[in-house]
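Listed below are the residues making up each chain.
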Amino acid sequence: MPDTAVDNPTLADKFAAYAEAHIPGAGNLRVTHMNRIHGGASRETYSVDIAYEDATGPKVKGLILRRDPADSLIDTDRRVEFAAIRTAYGKANIPAPEALFLETDPGPLGAPFFVMGRIEGGTPLNPFRIEEVEPYRTEVGRDFFRHLGAIASLDIDGAPIADEIDTPEAGQCWKRELDHWASEIRTHAREPQPVAEAAIRYLAASPPPPAQKLALVHGDFRSGNFLHDGAGHICAVLDWEMAHIGDPYEDLAWATDLLWCASDQARAAGFIPWPEALAIWQEASGCTFDPQAFEWWSLFAHLKGLGIWISSARAFADGKNDDPILAWSGWFTHAAHELMLASRLAEKHGVKI
Amino acid sequence: MILQRIGATLVQDVAPKLEGDYSGGHAGISGVMAVMAGEMWDKEADLLANEIARLRALLEAAGMGDDVPEAASLKISDLKATRNALSEQLIALQTRLEAADDEASRALNTQIWAHLLATSAARMPSPPAFAAAESEAT
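Residues numbered from 1 in each chain as written. Chains lettered and ligands numbered in written order. Predicted model: local features only at pLDDT ≥ 70, side-chain atom pairs only at ≥ 80, totals over all residues. Heavy atoms only, no water.

(A) Quick look at the overall build of chain A. Within chain A one finds 10 helices and 12 strands. Overall, chain A is about 70 × 45 × 40 Å in size when its C-alpha atoms are taken along their principal axes. When each of the 353 residues of chain A is scored for burial, the buried share is 57%. Side-chain charges in chain A split into 31 positive and 51 negative, and the spacing between the mean points of these groups amounts to 2 Å. (Helix = DSSP H or I, 4+ residues; strand = E, 2+ residues; numbered from the N terminus. Buried < 20%, exposed > 50% of the residue type's maximum accessible area, 1.4 Å probe, protein only. Lys, Arg positive; Asp, Glu negative; His and termini not counted. Charge placed at Lys NZ, Arg CZ, Asp CG, Glu CD.)

Here it is in structure tokens:
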């Protein structure tokens, strides 16, 4: 099927009117291309090209429109996502997109939305096929941990994210996240979850050290959520919908979760040897690697995964979101994370693996 | 075998023709899930029957006579209802065992973990076999 220039003309017309009213000096604004793209299943995501004129002449611009669906993979406030992108954009060489418009009124496009600048020339990397980045696996891996650390290094005092979300106490980051995902699991699970329930009890009974620092946490930093330029560099860090303020170890553990390492446990996140990855992360973040903290947060990462996949499956089963990726993740990745949790906790409880 | 072939058709024939359209991703991932469903269709009743038997044995080992009746039929929905009721009781039992500080409780808890691990391993689907659809799972 040929690529359609505008696959939703009604939405395109409404968006053109909105954009013309919100880009200073813009006139005769047209949407020349709009198509819905996969990725970021928490919101409807469209790639949009616009053309317009202003006082300096004709202009064209590539945009990403993220519109709230009836239900989403993750129930988050787009204001927080927008603020997180603004917090990171232009800082510490983090390739965050430019945050352009935030509209909380459902009137203009039928649902709240926000718009970012599109970062051109990047390719996503399938987390289950990391080898496709070869021969630049090492270079991309170094960028991966440099950007991960850089996000943790940002000063959150007075940053846009701090205006939109509470800042927890350093000793309470773990509890806030554990309580949140335990609630998500219990609210959305369609059948009993003995492994998740046992993990919740185990994590609550053996908390990690307090956060070394309070930082911007991307929340979903992993392969699949960045673009690379095909020449060894990451050119965009995407999908900030789970961003919050918390412990940098949450991002480190999620980014290196076994699910995202393409079965290559010898390399952190499937990219580079662990010692090199941790050295880069420490230098960029200003944190010191603590195995005890990492052990807790890496177990928590499996549980957080279960929370995401259980919520996904529920949204699909209830008919609130018809994207089959939610059903798939509620099955395959749920099973994977449950097996990871069961393996690690069974060993801690005397089962010979 | 039928669902396997339907899945292969969706992934290898339908999805490529829809490339560039949002529905192409739907077709691909639906194809992968058809294959997964085919695998599970064959073994789901066996998995549930084994889980039910092991759950009853664990509860009995704890001296808890479960009050969950036998499944009304061998329909998956009936077997699941029985398994789920027993799972709720297992969660309560394991919570109680964790609070106890004796060797017998620890030993039974180890058996429960062995069961949870075996169940999780048995329910892990085979990896997706189609790269085209897999790429949508990002």
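So much for the structure itself; the text now carries on.
(B) The arrangement of unusual backbone geometry in detail. Residues and elements named next belong to chain A. E134 connects to P135 through a cis peptide bond whose omega is 10°. At N93, a position not held by glycine, the phi torsion is positive, near 60°. One can find N93 in the loop between α2 (78–88) and β4 (99–103).

(C) A look at the pairing of strand β3 (residues 57–67) of chain A. Residues and elements named next belong to chain A. In the sheet, strand β2 (residues 44–54) pairs with β3 via 11 bridges, with the strands oriented antiparallel. Note on β3: the bridge partner recorded for T45 is R66. Here β2 hands over to β3 after 2 residues, the two strands then running antiparallel side by side. Examined bridge by bridge, β3 and strand β5 (residues 113–117) share 5 bridges and lie antiparallel to one another. In the strand pairing of β5, L63 is matched with G117. (Pairing = 2+ DSSP bridges.)

(D) Focus on the pattern of salt bridges. If you walk through the whole model with that rule in mind, you get 31 salt bridges over all chains. Between A:R201 and B:E98 there is a salt bridge; the shortest N-O distance is 2.6 Å. In this pair, A:R201 is assigned in helix α6 (residues 194–205) and B:E98 in helix α3 (residues 76–99), connecting two distinct chains. Of the residues examined, A:R201 reaches a relative accessible area of 18% and is grouped as buried. Taking the relative accessible area as the measure of exposure, B:E98 reaches 31% and is therefore partly exposed. Across the pair B:E103 and B:R106 runs a salt bridge whose closest N-O atoms are separated by 3.4 Å. Of this pair, B:E103 and B:R106 both sit in helix α4 (residues 103–122), 3 residues apart, which is roughly one turn of the helix. (Salt bridge = Lys/Arg side-chain N within 4 Å of Asp/Glu carboxyl O.)

(E) Layout of the domain arrangement of chain A. Residue and element names in this part refer to chain A. Per the domain assignment, the segments of chain A are domain 1 (9–117) and domain 2 (123–348). Measuring from the centre of the C-alpha atoms in domain 1 to the corresponding centre in domain 2 gives 26 Å. In this assembly, 28 residues from domain 1 lie in contact with 29 residues from domain 2. In total, about 2300 Å² of surface goes out of reach between domain 1 and domain 2, with carbon and sulfur atoms giving 69% of it. The interface formed by domain 1 and domain 2 includes 2 salt bridges. (Domains from an automatic or database assignment. Contact = heavy atoms within 4.5 Å. Buried area = accessible area lost by both parts, 1.4 Å probe.)

(F) Representation of the sheet that holds strand β8 (residues 226–228) of chain A. Residue and element names in this part refer to chain A. Taken together, 3 strands build an open sheet; the order of strands is β6-β8-β9 and the sheet is antiparallel. Of all the strands in the sheet, just β6 (123–124) and β9 (234–237) have a single pairing partner and so form its edges. Across 2 bridges, β6 lies against β8 in antiparallel orientation. Bridging across to β8, T123 finds its partner in H228. Against the sheet, helix α3 (residues 137–153) makes contact with β8 and β9, and its axis sits at roughly 35° relative to β9, the strand it touches most. (Axes fitted to C-alpha atoms, helices over the stretch in contact; angles between N-to-C directions.)

(G) Expanded view of the layout of surface pockets. A volume near 960 Å³ is recorded for the second largest pocket. The wall of the second largest pocket is formed by 37 residues, among which A:E191, A:G330, A:W331, B:K80 and B:R123 lie closest to the centre. For the lining of the second largest pocket, the elements supplying multiple residues, two or more each, are α6, α9 (291–317) and α10 (324–348) of chain A together with α2 (22–61), α3 and α4 of chain B. When grouped by side-chain class, the residues that make up the lining of the second largest pocket number 20 nonpolar, 9 polar and 8 charged. (1 Å grid on protein atoms, 1.4 Å probe; cavity = no way out; pocket = protein on both sides within 12 Å on 5 of 7 lines; lining within 4 Å. Points joined across faces, edges and corners; volume = space filled by probe spheres on them. Nonpolar A, V, L, I, M, F, W, Y, C, P; charged D, E, K, R; others polar.)

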